[in-house]
Amino acid sequence: MAILVTGGAGYIGSHTCLELLSKGYDVVVVDNLSNSSEESLKRVEKLAGKDLTFYQFNVEDKDKLIKVFEQEKIQAVIHFAGLKAVGESVHKPLNYYYNNLVSTLVLCEVMTQFDVKKLVFSSSATVYGNPQTVPIKEDFPLSVTNPYGRTKLMQEEMLRDLVVADREWKIILLRYFNPIGADQSGMIGEDPLGIPNNLVPYITQVAVGKLKELQVFGDDYDTKDGSGVRDYIHVTDLAIGHVKSIEKLSQIEGVKTYNLGTGKGYSVLEMVAAFSEVCKKPIPYVVKERRPGDIATCFADPSLAKEELGFVAEKKLSQMCEDAYRWQCNNPNGYRD
């Protein structure tokens, strides 16, 4: 069974490709490498002991995407491709609307043309906005606090409308929380270009001396220590959740939505302490003003994914930190070493 993975060279995409190959799937990747590296896919192939097929272009390029479907026997799609930084989306909203929405439109048009109607969509907990209570269940009201989240919500609505119009579609929306860590081999991991937008690669780059200090955005939230609280899930667990979703697609009708998280929240300062323990050194940090679009607390109720997908995030926080630190130590300049 051939799975098309858009954005498959990225952080979550590469780990998902590894899990798919390990489970015996044929994998076809489309990625424009705007925020990723082909080296990640070469390492995935080495770890899996199996080749995948890679095409370098933007999913928005309909003609090239059609050629992929003509050449490959695609049976289902996992759609990661898209811009993903909350802070950046506030400053560059048009980039986010164009890239994220158009790529999904084009992908669905081509899938329809080739009668491939099984899709796992990479959504986000940002669609819950600033929740009134936690943990967050899938049936909570949806709202957004930033353009990135708005594009995810609009894509979800687009896909729901598609299913109403054509009941042959089977779609799983995965709202995942904060992926961190790396494959335990230390060969693949998160490799942001420039200054990281996400907490953990920022911490690990400080830990190896690449950056001077961590910037903590806000210490006056209504949380235990004033810093933001998030649900951190190991990227390998998250990748396994995508494989389980592919396996589930043939059993569902219409659209299903699942949270992928651990159900536990950790503050930014708790994460700093956890990494300090793993690194055996202090992580220097400086407190900055809150970032626009950020919220105080966000963590999942993952019980529906456990019940229907058989998915449980198994890796503990200590292992997440250890694997992330191992990746950064082995690859201080990411895939550009």
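Since the structure is predicted, the reported quantities are computational estimates derived from the model, not experimental observations. (Residues numbered from 1 in each chain as written. Predicted model: local features only at pLDDT ≥ 70, side-chain atom pairs only at ≥ 80, totals over all residues. Heavy atoms only, no water.)

**Points about the pattern of salt bridges**
So, step 1. Overall, the coordinates contain 16 salt bridges when judged by the stated rule.
So, step 2. Linking Arg-43 and Glu-39 is a salt bridge whose minimum nitrogen-to-oxygen distance equals 3.0 Å. Taken together, the residues span about one helical turn, with Arg-43 and Glu-39 both in helix H2 (residues 38-48) at a distance of four residues.
So, step 3. In this structure, Arg-290 and Asp-220 form a salt bridge, with 3.0 Å as the shortest nitrogen-oxygen distance. Of this pair, Arg-290 sits in the loop between strand E13 (285-288) and strand E14 (297-298) while Asp-220 sits in the loop between strand E8 (214-217) and strand E9 (229-230); the two residues are 70 residues apart in sequence, bridging distant segments of the chain.
So, step 4. Shared partners join several salt bridges into a network, and the residues in it are Asp-115, Lys-117, Asp-166 and Glu-168. (Salt bridge = Lys/Arg side-chain N within 4 Å of Asp/Glu carboxyl O. Helix = DSSP H or I, 4+ residues; strand = E, 2+ residues; numbered from the N terminus.)

**Re the sheet that holds E9**
So, step 1. Strand order in the open sheet made by the three strands is E12-E9-E14, with mixed pairing throughout. The strands lining the two open edges of the sheet, one partner per strand, are strand E12 (266-267) and E14.
So, step 2. As paired strands, E9 and E12 are joined by two bridges and run antiparallel to one another. For Val-229, the partnering residue across the bridge sits in E12 and is Ser-267. (Pairing = 2+ DSSP bridges.)

**Considerations on the UniProt feature "domain: NAD(P)-binding" (unreviewed entry) in the chain**
So, step 1. Under the present numbering, the feature "domain: NAD(P)-binding" (unreviewed entry) in UniProt falls on residues 4-323.
So, step 2. Taken end to end, residues 4-323 comprises 40% helix and 18% strand; its first and last C-alpha atoms sit 27 Å apart. (UniProt positions renumbered as here; feature names shortened; annotations may be inferred.)

**Things to note about the sheet that holds strand E4 (residues 74-79)**
So, step 1. Taken in spatial order, the seven strands of this open sheet run E3-E2-E1-E4-E5-E6-E11, and their pairing is parallel. Each edge of the open sheet carries a strand with a single partner, namely strand E3 (53-55) and strand E11 (254-260). Strand-to-strand, the axes of this sheet are offset by a mean angle of 20 degrees, without reference to chain direction.
So, step 2. In this sheet, strand E2 (residues 26-30) lies alongside strand E1 (residues 2-6) in parallel orientation, the contact comprising five bridges. Bridge pairing in E2 links Leu-4 to Val-28.
So, step 3. Against the sheet, helix H8 (residues 235-249) contacts E1, E4, strand E5 (118-124), strand E6 (170-176) and E11, and its axis sits at roughly 160 degrees relative to E6. (Axes fitted to C-alpha atoms, helices over the stretch in contact; angles between N-to-C directions. Contact = heavy atoms within 4.5 Å.)

**Brief notes about the nonpolar core**
Side chains that are nonpolar tend, in soluble globular proteins, to be buried together.
So, step 1. Ranked by internal contacts, the top residues of the largest apolar core, which has 40 residues, are Ile-3, Val-5, Leu-20, Val-27, Leu-52 and Ile-246.
So, step 2. At six residues, helix H1 (residues 11-22) tops the list of elements feeding residues into this core.
So, step 3. Once you skip the residues sitting within four places of it in the chain, Leu-52 turns out to touch Cys-17, Leu-21, Val-27, Val-29, Leu-41, Val-44 and Glu-45.
So, step 4. Listed in part, the 27 residues of the second largest apolar core include Tyr-55, Phe-69, Ile-74 and Ile-171. (Core = buried A, V, L, I, M, F, W, Y, C linked by side-chain atoms within 4.5 Å. Buried < 20%, exposed > 50% of the residue type's maximum accessible area, 1.4 Å probe, protein only.)

**Structural notes on the domain arrangement of the chain**
So, step 1. Split by domain assignment, the chain resolves into domain 1 (2-181 + 232-261) and domain 2 (199-229 + 264-306 + 316-330).
So, step 2. Computed from C-alpha atoms alone, the centre-to-centre distance between domain 1 and domain 2 is 25 Å.
So, step 3. Listed by partner, the interface residues are 25 residues for domain 1 and 23 residues for domain 2.
So, step 4. Of the roughly 2,000 Å² buried where domain 1 meets domain 2, counting both sides, 68% is carbon and sulfur surface.
So, step 5. Among the residues of domain 1 in contact with domain 2, Ile-180, Tyr-232 and His-234 are the three that bury the most area, contributing 29% of the side total.
So, step 6. For the pair domain 1 and domain 2, the number of links is one salt bridge.
So, step 7. Its salt-bridge partner being Asp-301, residue Lys-137 comes within 2.6 Å of it at the nearest N-O pair.
So, step 8. There are seven residue pairs in polar contact (both at pLDDT 80 or more) connecting domain 1 and domain 2.
So, step 9. Taken together, the elements giving at least two residues each to the side of domain 1 that touches domain 2 come down to helix H4 (86-91), strand E10 (232-234) and E11.
So, step 10. A total of four residues in the side of domain 1 that touches domain 2 trace back to one element, the largest contributor, which is E11. (Domains from an automatic or database assignment. Buried area = accessible area lost by both parts, 1.4 Å probe. Polar contact = N/O pair within 3.5 Å; in protein donor to acceptor, adjacent residues only side chain to side chain.)

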